[in-house]
Amino acid sequence: MDEFNFGTVRDYTKQLRSIRNWALKLRQLRPRIDTTWEEPADWVVKDSNIHGEPARTLTITLMPTGCEWASLGGCTMCGEFEGSTKGDVVSPIFHVAQFASAVSKYVPDYNPSWIRIYQEGNYINQNEIQRSAQLTILSLASLIYGIKRITIESMAKYITPRNVKDLSKSIKRDIELEIGMGFEAENEVIRNVCVNKGESLDDFSRAINLLKEEGIRTVAYVLLKPPFLSEKEAINEAIATIQLANDIGFDAISLEPVSIHAFTLVHALNLLGLYELPWLWSVIKVAQNVQHIRDFRIGGVGFYPRPFNVAHNQHSNSDVGCNKELWDKIKEYGRTRRFEVFNNLECNCKKEWENICKTPTIPLMERIDQQLSLLNLDSYKLATSEMQFQTQSFVNHTTAIAGGTQYKR
Ligand code: SF4
Ligand SMILES: [Zn+2]
């Protein structure tokens, strides 16, 4: 299964320590963010699909306490901690009130049949959202008229027999509950060094089995282009990861092309020209290679805080090029789940992408050492302080192209 000869995680002890230090130092630069109970931290409406039928999805993001794993450094591409209270546990009353308020405002307008409840971390980790709030919010969500599916997210390690039973009991029988987990990559070095996920294949298998026993569905998030990988390696790794996720029993798989979030290692590398976002041709290539997967989704845009930039094709002139057309196709795929929408797409930029996919690489460990040695915290601080204002319009621009149909502005 493992096609890369990257060695083992143990070979990368020095690199991993440095990656964790950098991830942590960068996260500490942003002060905490607060919201009120009257408004969710974020909300997005999207057209989607449940078991072949069109469905409207409402994502409600509750004020995050912040992912506990991110508070130790966390995943190298993830900017979700940046919108949190940075570890001050949000009270259950606040979380329930915020959820109820969001439901009363947005459900009547959009009539969703699928509700995603995010708090940019681990829904079933009591240090992030207390058990009373977890269960009350799920019960309330399952009482909403017309709701067929509820999605929450967690790292595999928080999934225990006890909390799986509690979650299952709080949902009405005819509603699907699904839990998304960041499986990210099948190769252990990519998952646990390049991404710094801190989870093994066994963690995922154990969680899937526990959830299956209670009839809870599982979704694997699979990254497209973690840092330090070439475009070609990233495509091959994503295809292999989707296959492995399917083989170990995930019910659904969501391809997540990496996006750029402030105060992350990926952003710091990107500013130095050491990391480029995946091309949309790569997203399409992966999709075309996994057509046998039953419930295959494409995500990579629904985050709070919103990313600076998302996967796109590069054009020598500065216009949008084919990006709007291709993101429209990805959205059409999300609504219809028809892989044919990706047939016969062409643009001048495709040749450039093909050339990039042929670019030779140096050994992974050398690449990591080289790139980490170029990072400089003071330069990053300076660059981001200058960027705050400029990037605002770009955030809106990319959100408009790639994001939901309606969203918090
Ligand atoms: S990707 Fe998930 S587990 Fe990783 S730092 Fe972000 S919220 Fe935490
Ligand atoms: Zn193009």
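Residues numbered from 1 in each chain as written. Chains lettered and ligands numbered in written order. Predicted model: local features only at pLDDT ≥ 70, side-chain atom pairs only at ≥ 80, totals over all residues. Heavy atoms only, no water.

1. Observations regarding the overall build of the protein
Counting its secondary structure elements, the protein contains 13 helices and nine strands. Structurally, the protein occupies a C-alpha span of about 55 × 45 × 45 Å along its principal axes. Intrachain contacts of the protein at a sequence separation of at least 6 include 81% that bridge at least 24 residues. Summing over all exposed atoms, the protein offers an accessible surface of approximately 17,200 Å²; the carbon and sulfur share of this is 51%. (Helix = DSSP H or I, 4+ residues; strand = E, 2+ residues; numbered from the N terminus. Contact = heavy atoms within 4.5 Å. Areas by Shrake-Rupley, 256 points an atom, 1.4 Å probe, with all protein chains shown as cover.)

2. A few points about the nonpolar core
Counting 118 residues, the largest nonpolar core has I117, I150, M181 and F296 as the members making the most contacts within it. Ignoring anything within four residues of it in the chain, the contact list for I150 reads I115, I117, L138, A141, S142, I171, I175, E176, L177 and E178. (Core = buried A, V, L, I, M, F, W, Y, C linked by side-chain atoms within 4.5 Å. Buried < 20%, exposed > 50% of the residue type's maximum accessible area, 1.4 Å probe, protein only.)

3. A few points about helix α7 (residues 231-247)
Between its terminal C-alpha atoms α7 stretches 25 Å, which fits the 24 Å expected from 17 residues at 1.5 Å a residue. Those residues of α7 that fall on the buried side of the exposure criterion are E231, E233, A234, I235, E237, A238, A240, T241, I242, L244 and A245. Following α7 by one or two positions, G249 adopts a phi angle in the positive range, close to 110°. (Expected span 1.5 Å × (residues − 1).)

4. Some details on the pattern of salt bridges
With the rule as written, the count across this model stands at 27 salt bridges. One salt bridge connects R149 with E178, and the closest N-O pair in it is separated by 3.8 Å. Here the residue R149 occupies a position in strand β4 (residues 149-153), and E178 occupies one in strand β5 (residues 176-184), the gap between them amounting to 29 residues. Comparing R149 with E178 shows no difference in burial state: the two are buried. Connected through shared salt-bridge partners, R149, E176, E178, R217, D295, R297 and R337 make up one network. (Salt bridge = Lys/Arg side-chain N within 4 Å of Asp/Glu carboxyl O.)

5. Thoughts on the pairing of strand β3 (residues 114-118)
Of all five residues in β3, five are buried; the element is thus mostly enclosed. Two elements, strand β2 (residues 53-61) and β3, share five bridges in a ladder whose sense is parallel. Its bridge partner being in β3, T59 is matched across the sheet by R116. Considered for its hand, the β-α-β crossover made up of β2, helix α2 (residues 92-110) and β3 is right-handed. (Pairing = 2+ DSSP bridges. Right-handed = clockwise from strand over helix to strand, strands pointing away.)

6. Some remarks on the site of ligand 1
Residues in close proximity to ligand 1 include C67, A70, C75, M77, C78, E80, G121, M155 and K197, which together make up its full environment. By residue class, the composition of the shell around ligand 1 is six nonpolar, one polar and two charged. (Near = heavy atom within 4 Å. Nonpolar A, V, L, I, M, F, W, Y, C, P; charged D, E, K, R; others polar.)

7. Some points on the coordination of the zinc ion (ligand 2)
Of the protein atoms, only H315 (NE2), C322 (SG), C347 (SG) and C349 (SG) coordinate the zinc ion (ligand 2), at distances of 2.0 to 2.3 Å. Because the angles between the four donor atoms bound to the zinc ion (ligand 2) fall within 107 to 116°, the donor set is best described as tetrahedral. For the zinc ion (ligand 2), the donor residues sit on a single chain with the sequence spacing H-x6-C-x24-C-x1-C. Of the two residues, C322 sits in the loop between β8 (296-298) and α10 (323-336) while C349 sits in helix α11 (residues 349-358), which places them 27 residues apart along the sequence. (Donors = N, O, S within 2.8 Å, 3.2 Å for Na, K, Ca; no water. Tetrahedral: all angles 85-135°; square planar, octahedral: opposite > 155°, others 65-115°.)

8. Things to note about the packing of helix α9 (residues 280-288) against α11
At a closest axis distance of 10 Å, the pairing of α9 and α11 adopts a crossing angle of 75°. The pairing of α9 with α11 is recorded here as roughly perpendicular in orientation. Seen from α9, the contacting residues are W281, S282 and K285; seen from α11, they are C349, K350 and W353. Residues of the contact of α9 with α11, tallied by class, amount to three nonpolar, one polar and two charged. (Axes fitted to C-alpha atoms, helices over the stretch in contact; angles between N-to-C directions. Parallel < 35°, antiparallel > 145°, perpendicular 65-115°, else oblique.)

9. Digging into the sheet that holds strand β6 (residues 217-224)
Strand order in the open sheet formed by nine strands is β8-β7-β6-β5-β4-β3-β2-β1-β9, and the pairing between neighbours is mixed. In this open sheet, the two edge strands, each paired with only one partner strand, are β8 and β9 (406-407). In the sheet, strand β1 (residues 42-50) pairs with β2 via nine bridges, with the strands oriented antiparallel. Within β2, the position partnered with V44 by the bridge is T59. Strands in contact with α7 are β5, β6, β7 (252-257) and β8; relative to β6, the strand with the most contacts, it is inclined by about 170°.

10. Observations concerning the side chain of S254
Along the polypeptide, S254 turns up in strand β7. Residues within four places of S254 in sequence aside, it is in contact with V219, A220, Y221, V222, R297, I298 and G299.

11. Topic: the packing of helix α1 (residues 13-27) against helix α12 (residues 364-373)
Packing of α1 against α12 brings their axes to within 11 Å, and their N-to-C directions diverge by 35°. Remark: the crossing between α1 and α12 carries left-handed chirality. Packed against α1, whose contacting residues are K14, Q15, S18, I19 and W22, the element α12 presents M365, I368, D369 and L372 at the interface. Looking at side-chain class alone, the contact of α1 with α12 contains five nonpolar, two polar and two charged residues. (Left-handed = near helix turned anticlockwise from the far one by under 90°.)

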